[in-house]
Amino acid sequence: MTFTLSNFKSLTLLSAVSLLTPLVITEPAKAVNLNNTSIQTQVQPFYTTAGNPDDYLVSPGTGYDGVAQLSLGGFWGTSCTGGLLGTGAHILTAAHCLTDDFGSLDIWDGTATFELSTGDLNLSIADIFVHEDWTGDLLNGYDIAILELTDVAPETVDRYDIYRTNDEIGKIGDKVGYGRTGNGNIGDELWSDRKRHGQNRYDASGDLFDQHYLISDHVTDALLAYDFDNGLSANDAFGYWFGDDYADLGLGLNEVNSAPGDSGGPTFIDGAIAGITSFGLRFPFSDIDYALNSSFGEFSFDTRVSSYTNWIDDILTSWQPPTPPVVDNPADDIDENLPSDDDVADDPGDEIPDQPDDSISDDIPSPSDPVSVPEPRSLAGLMAFATGLWLTKKKKVSR
């Protein structure tokens, strides 16, 4: 069956971003129209769950230690999520976490916090790479960014590959993120600073919404879409709007939906990052309530990582890892002309004859000629002064 929005009074689009303070901040409306229907973009901050949110908490040492909470400095201050890539110095996240509504960088510093069994590890952000085609339009894609850290994370922090095959549709992804939480019946009503994990199935790529004329603006196939199911056909958003071919009642208590604060968080398929949490969308009727709040019956979208593998690879392969500190071995610098043990008498009293001083052997070094032992040198810190950051290409983050 085919539906249009021409008879709908309202449609809401949610940018899933969290705030550092327990206060909901609403950004100005984004200038987007869907069939002459106004769309509001809101900043709220986490995963809403089918069951008790406490049952979805992630403990250190369970494979998700490389999923970091990002504290991003800006006018308001923003919190997002990101996954550590194989270099140990780069985090994959969402572009909208770092920019304004028009795609321009609007943060000035940031920290990535990794929760480890030994305690929290905080690493500063040095460089920011935002896709050059990102304009702030969530429906158009390119909501992808890479953060370069000032230091390489310890080997104990998990690293992740990226998913490179575009066969994600129909597969179940493991989703991890920070932010607001709650049960799917009530939405994301609870503030949190905890990491949660759950699952959902990718139902379609974003262009399905174009094909069925649900959204008049172009929706790219570089988005992966899923809905939040509670096991009831009435709240199966894909089944309700796209027919029986897309009907799926969900994964039971394993099912979760993204919410503000999860933005930039990874969705894993076979242990590799396949999606980046981007935004949520609701239509009337399938949603269990009347608000865009990550409740049952809503749609959510991830940036499709397999569409951006070349962009990611170009950044990572151009990176030069910092040179480890060089420490000289003092033994290597000892003057080869110094006397050996064989040249120095074990007992000077036995070796020095009862002759005048000028009979003392010239081979014995004079106390007035000190031997210099070099101090260790360190090159640590020199790599911290990399020049130039890019947005579109690279932009600098002041620290």
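Think of each chain on its own: its residues are numbered from 1, step by step along the sequence as written. It should be noted that, the model being predicted, local features are given only for residues of pLDDT at least 70 and side-chain atom pairs only at 80 or more, the latter also being counted only at that level, while totals for whole chains, interfaces and linings use all residues. Heavy atoms throughout the structure, all of them, feed into the side-chain values; hydrogens and water do not.

A few points about the packing of aromatic side chains
To describe a pair of aromatic rings, one takes the distance between the centres and the angle between the planes.
Part 1 of the argument: Two aromatic rings, drawn from Phe, Tyr or Trp (for Trp, its six-membered ring), form a pair once their centres lie within 6.5 Å of each other, and the interplanar angle then sorts them: stacked below 30 degrees, edge-to-face above 60, tilted otherwise. Counted under the stated rule, the structure contains 20 aromatic pairs.
Part 2 of the argument: For the pair Tyr240 and Trp241, a centre-to-centre distance of 5.1 Å together with 65 degrees between the ring planes defines the contact as edge-to-face.
Part 3 of the argument: Each residue's exposure class comes from its accessible area (1.4 Å probe, protein chains only) as a fraction of the maximum for that residue type: buried when under 20%, exposed when over 50%, partly exposed otherwise. Judged by relative accessible area, which is 1%, Trp241 ranks as buried.
Part 4 of the argument: An angle of 50 degrees between the planes, with centres 5.5 Å apart, marks the rings of Trp241 and Phe283 as tilted. You can see Trp241 sitting in helix H2 (residues 237-242) and its partner Phe283 sitting in the loop between strand E20 (272-282) and strand E21 (299-304), a full 42 residues away along the chain.
Part 5 of the argument: The exposure class assigned to Phe283 is buried, which follows from its relative accessible area of 0%. Helix numbers and strand numbers start at the N terminus; a helix is a DSSP run of H or I with at least 4 residues, a strand a run of E with at least 2.

Looking at the confidence of the model for the protein
Part 1 of the argument: On average, the protein scores 74 in pLDDT, and the residues at 70 or more come to 66%.
Part 2 of the argument: Low pLDDT, under 50, characterises residues 1-46; the stretch is placed with 170 contacts to residues that sit more than four places away or in other chains.
Part 3 of the argument: pLDDT: the predictor's confidence for each residue, scored from 0 to 100. Any two residues whose heavy atoms approach within 4.5 Å at even a single point are treated as in contact. The low-confidence segment residues 348-399 (pLDDT under 50) makes 57 contacts with residues lying over four places distant or belonging to another chain.

Remarks on the pairing of strand E12 (residues 145-149)
Part 1 of the argument: For E12, a buried count of five out of five residues is recorded, marking the element as mostly surrounded by other parts of the structure.
Part 2 of the argument: Here E12 shows two buried faces, one formed by Ala145, Leu147 and Leu149 and the other by Ile146 and Glu148.
Part 3 of the argument: In this sheet, E12 lies alongside strand E9 (residues 90-93) in antiparallel orientation, the contact comprising four bridges. Bridge assignment links His90 to a residue of E12, and that residue is Glu148. When DSSP finds two or more bridges between two strands, those strands count as paired.

Observations regarding the side chain of Asn257
Part 1 of the argument: You can see Asn257 is positioned in strand E18 (residues 256-257).
Part 2 of the argument: Polar contacts, as used here, are pairs of N or O atoms within 3.5 Å; protein pairs need one atom able to donate a hydrogen and one able to accept it. Residues neighboring in sequence count only if both atoms are side-chain atoms. In terms of polar contacts, Asn257 uses its side chain to reach the side chain of Ser300, at 2.6 Å.

Here we look at the state of the cysteines
Part 1 of the argument: Cysteine sulfur atoms are paired as a disulfide whenever they come within 2.5 Å of each other. If you walk through the whole model with that rule in mind, you get one disulfide.
Part 2 of the argument: For Cys80, the disulfide goes to Cys97, at an S-S distance of 2.2 Å. Given an S-S torsion of about -100 degrees, the disulfide between Cys80 and Cys97 has left-handed geometry. One end of the pair, Cys80, is in strand E8 (residues 78-84); the other, Cys97, is in the loop between E9 and strand E10 (107-116), and 17 residues separate them in sequence.
Part 3 of the argument: Overall, Cys80 belongs to the buried group, its relative accessible area being 0%.

Description of unusual backbone geometry
Part 1 of the argument: Unusually for a residue other than glycine, Tyr142 sits at a positive phi of about 65 degrees.
Part 2 of the argument: Within the element layout of this structure, Tyr142 appears in the loop between strand E11 (119-130) and E12.
Part 3 of the argument: One non-glycine residue, Asp270, lies in the positive phi region at around 55 degrees.
Part 4 of the argument: Relative to the elements of secondary structure, Asp270 occurs in the loop between strand E19 (266-269) and E20.

Thoughts on the nonpolar core
Burial of nonpolar side chains together is a common tendency in soluble globular proteins.
Part 1 of the argument: Note on terminology: a nonpolar core comprises buried Ala, Val, Leu, Ile, Met, Phe, Trp, Tyr and Cys residues joined through side-chain atoms within 4.5 Å. If you look at the biggest cluster of nonpolar residues, it comprises 66 residues, and the most contacted ones within it are Ile91, Leu92, Leu98, Phe114, Phe209, Phe299 and Ile312.
Part 2 of the argument: Ranked by residues supplied to this core, first place goes to E11 with six residues.
Part 3 of the argument: Once residues lying within four places of it in the same chain are set aside, the contact partners of Leu98 are Leu72, Ser104, Leu105, Asp106, Ile107, Ile128, Val130, Ala145 and Leu147.
Part 4 of the argument: Among the nonpolar cores identified, the runner-up in size contains seven residues, and Leu224, Ile269, Ala272 and Ala274 belong to it.

Considerations on the side chain of Lys175
Part 1 of the argument: One can find Lys175 in strand E13 (residues 172-178).
Part 2 of the argument: Of note is the side chain of Lys175, whose polar atom sits 2.8 Å from the side chain of Asp302.

A closer look at the environment of Tyr240
Part 1 of the argument: In this fold, Tyr240 is placed in helix H2.
Part 2 of the argument: Taking the C-alpha atoms as reference points, Tyr240 and Ser286, separated by 46 residues in sequence, lie 6.5 Å from one another.

Description of helix H3 (residues 309-317)
Think of an α-helix as turning once every 3.6 residues; residues three or four places apart then point the same way.
Part 1 of the argument: Among the residues making up H3, those that are buried are Thr309, Trp311, Ile312, Ile315 and Leu316. An end-on view of H3 places all buried positions within 165 degrees of arc, on one side of the element. When the buried face of H3 is taken as reference, the exposed residues oriented beyond 90 degrees from it are Asn310, Asp314 and Thr317.
Part 2 of the argument: On its buried face, H3 is in contact with E9, E11 and E12. The reported arc concerns the directions from the helix axis to the C-beta atoms and nothing else.

Description of the pairing of E20
Part 1 of the argument: Among the eleven residues that make up E20, eleven are buried, leaving the element largely enclosed by the rest of the structure.
Part 2 of the argument: When E19 meets E20, the two strands line up antiparallel, connected through four bridges. Its bridge partner being in E20, Thr267 is matched across the sheet by Gly275.
Part 3 of the argument: Between E19 and E20, which pair antiparallel and follow one another directly, the connecting turn spans two residues, one of which, Asp270, has a positive phi of 55 degrees.
Part 4 of the argument: Across six bridges, E20 lies against E21 in antiparallel orientation. Bridge pairing in E21 links Gly280 to Ser300.

Focus: the pattern of salt bridges
Once the charged atoms of two side chains with opposite charge are near each other, the side chains can pair.
Part 1 of the argument: Throughout this description, the term salt bridge denotes a Lys or Arg side-chain nitrogen within 4 Å of a carboxyl oxygen of Asp or Glu. All told, the structure shown has seven salt bridges when counted by the stated rule.
Part 2 of the argument: Note that Asp248 is salt-bridged to Arg201, the shortest N-O span being 3.0 Å. With Asp248 in the loop between H2 and E18 and Arg201 in strand E15 (residues 195-201), the pair connects residues that are 47 residues apart, well separated along the chain.
Part 3 of the argument: A residue is classified by how much of its surface remains accessible, and Asp248, at 18% relative accessible area, is buried.
Part 4 of the argument: By relative accessible area, which is 24% here, Arg201 ends up partly exposed.

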